[in-house]
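This is what each chain is made of:
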Amino acid sequence: MDQVEIFKALSNKTRLQILTWLKEPAENFPEQPNADFENVGVCVGQIQIKAGLSQSTISEYLSILQRADLVCATRVGQWTYYKRNKEGLEKLTQIINSEL
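A brief look at the structure comes next. (Residues numbered from 1 in each chain as written. Predicted model: local features only at pLDDT ≥ 70, side-chain atom pairs only at ≥ 80, totals over all residues. Heavy atoms only, no water.)

## Things to note about the overall build of the protein
In step 1: If you tally the helices and strands in the protein, you get six helices and three strands.
In step 2: Across the protein, helices and strands are ordered from the amino to the carboxyl terminus as α-α-α-β-α-α-β-β-α.
In step 3: For a compact globule of 100 residues, the expected C-alpha radius of gyration is about 13 Å, and the protein comes in at 13 Å, within 12% of that figure.
In step 4: Counting over 100 residues, the protein shows a buried share of 36%.
In step 5: Counted over contacts in the protein with a minimum sequence separation of 6, partners at least 24 positions apart contribute 52%.
In step 6: Of the roughly 6,200 Å² of accessible surface on the protein, a fraction of 48% belongs to carbon and sulfur atoms.
In step 7: With 11 positive and 12 negative side-chain charges, the protein shows a spacing of 5 Å between the two charge centroids. (Helix = DSSP H or I, 4+ residues; strand = E, 2+ residues; numbered from the N terminus. Rg over C-alpha atoms; globule rule 2.2 N^0.38 Å. Buried < 20%, exposed > 50% of the residue type's maximum accessible area, 1.4 Å probe, protein only. Contact = heavy atoms within 4.5 Å. Areas by Shrake-Rupley, 256 points an atom, 1.4 Å probe, with all protein chains shown as cover. Lys, Arg positive; Asp, Glu negative; His and termini not counted. Charge placed at Lys NZ, Arg CZ, Asp CG, Glu CD.)

Here you go:
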């Protein structure tokens, strides 16, 4: 992923909040009956409720974060779940430490 695209993904307050919430999902979201936070992630509907934005806006934000390799998606039935992509965040840390 291009560095510019990563930093564009981080240039929005709500997208930054989503990453922060996903860091500690059990503290930021209600329990999910059909999926656990660690293995599957947080249902997009729960992220949408917490952010207070439309489903289409949240889906676009999550898509931007996914293209930047900052989150990963898992589909379970009709639902999509998101969690932080540890490898992508480690790459971001390396970029900051070595190139900036």
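Further notes follow.
## Details of a negative patch on the surface
In step 1: Together, E24, E27, D36 and E38 make up a negatively charged patch on the protein surface.
In step 2: Within the element layout of this structure, E24 appears in the loop between α2 (13–23) and α3 (25–28). (Patch = residues over 30% accessible without salt bridge, like charges linked within 9 Å, V, L, I, M, F, W, Y side chains within 5 Å. Salt bridge = Lys/Arg side-chain N within 4 Å of Asp/Glu carboxyl O.)

## Quick word on the packing of α2 against helix α5 (residues 55–67)
A pair of packed helices is characterised by two quantities: the angle between their axes and the separation of those axes.
In step 1: α5 packs onto α2 with a crossing angle of 70° between their chain directions and a minimal axis gap of 10 Å. Regarding the angle of α2 to α5, the classification is roughly perpendicular. Touching T14, R15, I18 and L19 of α2 are I58, Y61, L62, I64 and L65, all from α5.
In step 2: Taken together, the residues that form the contact of α2 with α5 break down as seven nonpolar, one polar and one charged. (Axes fitted to C-alpha atoms, helices over the stretch in contact; angles between N-to-C directions. Parallel < 35°, antiparallel > 145°, perpendicular 65-115°, else oblique. Nonpolar A, V, L, I, M, F, W, Y, C, P; charged D, E, K, R; others polar.)

## Regarding the packing of aromatic side chains
In step 1: Within this structure, the stated rule accounts for one aromatic pair.
In step 2: Arranged with centres 6.3 Å apart and planes meeting at 90°, the rings of W21 and F29 form a pair that is edge-to-face.
In step 3: Lying across the ring of Y61, R15 places its NZ or CZ 5.1 Å from the centre. (Phe/Tyr/Trp six-rings, centres within 6.5 Å; stacked < 30°, edge-to-face > 60°. Lys NZ or Arg CZ within 6 Å of the ring centre and 35° of its normal.)

## A word on the side chain of T80
In step 1: Here T80 shows up in strand β3 (residues 79–84).
In step 2: Residue class for T80 comes out buried when judged on its relative accessible area of 16%.
In step 3: There is a polar contact of 2.7 Å between the side chain of T80 and the side chain of R75. (Polar contact = N/O pair within 3.5 Å; in protein donor to acceptor, adjacent residues only side chain to side chain.)

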